Amino acid sequence: YDDRDGKIWLDGTLVDWRDANVHILTHGLHYASSVFEGERAYNGKIFESLRHSERLLASGALLDMPVPYSVQELEAAKYEVLKANGLTDAYVRVVAWRGSGEDMGVASAKNPVRVAVAAWEWGAYYGDAKMKGAKLDISKWKRPSPETIPTSAKAAGLYMICTMSKHAAEAKGCSDALFMDYRGYVAEATGANIFFVKEGEVHTPLPDCILNGITRQTVINMLRDRQIKVHERHIMPEEMEGFEQCWLTGTAAEVTPVSQIGDYTFEVGALTREMSDAYEKLVRN
Ligand code: PMP
């Protein structure tokens, strides 16, 4: 991703893609002092852009790492990047991190918080699983307790186990991994939230140690608009035996059907298809 033409917004200015570099002693690289957002633009408009900017600032605050730009400045930066790269349909990555500076120890309050915005074309996150249904592996790692790490932040440190789990899943021919949480309840995938359908009602984990995804909240509202009952609750893994349909939600994943999790199988059913299509209509407005 580094050797290409284009522009990246770095600390307030557009720089050439190849020059958007950081020093090797960047604090964020050594200690995971980094928060980020993943957003999608459709027809030139970023879906829920403000909410993503707000979440970035909230994630920074949770890491004691105040992001030195306002929501409005981030909004302007994102659209500047889309325009500079001639993009209307794209994935937008905003990242904020502790840079290099006076401190190279764990404490880094004197090091600047830096921000970058990049955008590129990114098609279906799970490839042809969007049609056929994704196969998920069950991760051996557990989503941690909110007393262990600030689980509501979209922070780099929380993705270490995601990368490891996804590698293990892909080695088994799966598209992604599903985490259980520290209590044993069903949690989320490595970059998406999960929903289940049983007897016309929808069940999804409570966001008490998972990322409360913006897509998740959008889909819950869409279901409730359709008078479909949504139960946000703790879900035991054994319950997956009785669930009929399953899908994942996320900015990158959108609404992707799931056909298998470990030994549990699901049909790519009518409600899954309906929500996937309705989400696509909504974001394209
Ligand atoms: N959980 C995790 C761990 C994620 O990385 C993401 C993607 N940001 C999601 C859930 C879905 O969040 P959103 O719908 O806001 O993209």
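An unreviewed UniProt entry lists the protein chain under the name Branched-chain-amino-acid aminotransferase, with Marinovum algicola as the source organism. On record in UniProt, under Cofactor (unreviewed entry), the comment for the protein chain is "pyridoxal 5'-phosphate". Listed under Sequence similarities (unreviewed entry) in UniProt, the entry text for the protein chain is "Belongs to the class-IV pyridoxal-phosphate-dependent aminotransferase family."

Engineer: Can you walk me through the overall build of the protein chain in this structure?
Structural biologist: A count of helical and extended segments in the protein chain gives seven helices and 15 strands. Dimensions along the principal axes, computed over C-alpha positions, put the protein chain at roughly 55 × 40 × 35 Å. The buried share among the 285 residues of the protein chain stands at 41%. Across the protein chain, the fraction of contacts at a sequence separation of at least 24, relative to all contacts at a separation of at least 6, is 68%.

Engineer: Which parts of the structure should I look at to understand the domain arrangement of the protein chain?
Structural biologist: Where interface size is quoted, it is often the accessible area lost as the parts come together. Domain annotation of the protein chain identifies domain 1 (7-120) and domain 2 (129-284). The C-alpha-based centres of domain 1 and domain 2 are spaced at 26 Å. Where the side of domain 1 that touches domain 2 is concerned, the elements lending two or more residues are strand S3 (34-42) and helix H2 (49-62). The dominant element in the side of domain 1 that touches domain 2, judged by the number of residues it contributes, is S3, at eight residues.

Engineer: Would you explain the site of the ligand in this entry?
Structural biologist: For the ligand, the set of nearby residues contains 14 residues, the closest of which are Gly213, Ile214, Thr215, Gly250 and Thr251. Elements that contribute at least two residues to the shell around the ligand include exactly helix H6 (214-225) and strand S13 (245-250). No other element matches the three residues that H6 contributes to the shell around the ligand. For the shell around the ligand, the per-class residue count stands at three nonpolar, eight polar and three charged.

Engineer: Explanation requested: the pairing of S3 in the structure shown.
Structural biologist: As a general feature of sheets, a regular strand has side chains that alternate between the two faces. With eight bridges joining them, S3 and strand S5 (residues 90-98) adopt antiparallel strand pairing. Across the sheet, Val35 pairs through a bridge with Ala96, a residue of S5. Bridge analysis of S3 against strand S4 (residues 45-46) gives two bridges, and the strand direction is antiparallel. Each residue of the ladder has a partner; that of Tyr42, found in S4, is Lys45.

Engineer: I would appreciate a short explanation of the environment of Met164 in the present structure.
Structural biologist: As for its position among the elements, Met164 is in helix H5 (residues 160-171). Sequence separation between Met164 and Lys140 is 24 residues; the distance between their C-alpha atoms is 9.7 Å.

Engineer: What should I look at first to understand the nonpolar core in this one?
Structural biologist: Within soluble globular proteins, side chains that are nonpolar generally end up buried alongside one another. Membership of the largest hydrophobic core comes to 40 residues, with the highest contact counts inside it found for Leu136, Cys246, Leu248 and Val258. Those elements that provide at least two residues to this core are strand S7 (134-143), strand S8 (176-181), strand S9 (186-189), strand S10 (193-198), H6, S13 and strand S14 (254-261). Beyond its immediate sequence surroundings of up to four residues, Leu136 is in contact with Ala169, Cys174, Ser175, Asp176, Ala177, Leu178, Ala189, Val258, Gln260 and Ile261. Membership of the second largest hydrophobic core comes to 28 residues, among which are Val35, Ala41, Ile46 and Val81.

Engineer: Please clarify how the pairing of strand S2 (residues 13-16) should be interpreted in this entry.
Structural biologist: Pairing geometry for strand S1 (residues 7-10) and S2, over four bridges, is antiparallel. Across the sheet, the residue bridging to Lys7 is Asp16, located in S2. Here S1 hands over to S2 after two residues, with Asp11 in that stretch at a positive phi of 50°.

Cut-offs used in this document
- Position numbers for residues count from 1 along each chain, tracking the sequence in the order it is written.
- Owing to the predicted nature of the model, reporting of local features is limited to residues with pLDDT of at least 70; listing and counting of side-chain atom pairs is limited to 80 or more, with chain, interface and lining totals taken over all residues.
- UniProt positions are given in the numbering used here, feature names are shortened, and annotations may be inferred rather than shown by experiment.
- Comment: elements are numbered from the N terminus, with helices defined as DSSP H or I runs of at least four residues and strands as E runs of at least two.
- Residues with at least 20 neighbouring C-beta atoms inside 10 Å of their own are called buried, those with 12 or fewer are called exposed, and the rest are partly exposed, where every C-beta is derived from the backbone.
- We call two residues in contact when the distance between their C-beta atoms, placed using the backbone, is within 7 Å.
- An automatic or database domain assignment supplies the residue ranges for each domain.
- The criterion for a residue being near a molecule or strand is a backbone-placed C-beta atom within 6 Å of that molecule or strand.
- Side-chain classes follow a simple rule in which Ala, Val, Leu, Ile, Met, Phe, Trp, Tyr, Cys and Pro form the nonpolar group, Asp, Glu, Lys and Arg form the charged group, and the remainder, Gly included, forms the polar group.
- By this definition, two strands are paired if DSSP reports at least two bridges between them.
- In this usage, the nonpolar core is the set of buried Ala, Val, Leu, Ile, Met, Phe, Trp, Tyr and Cys residues whose C-beta atoms join them within 7 Å.

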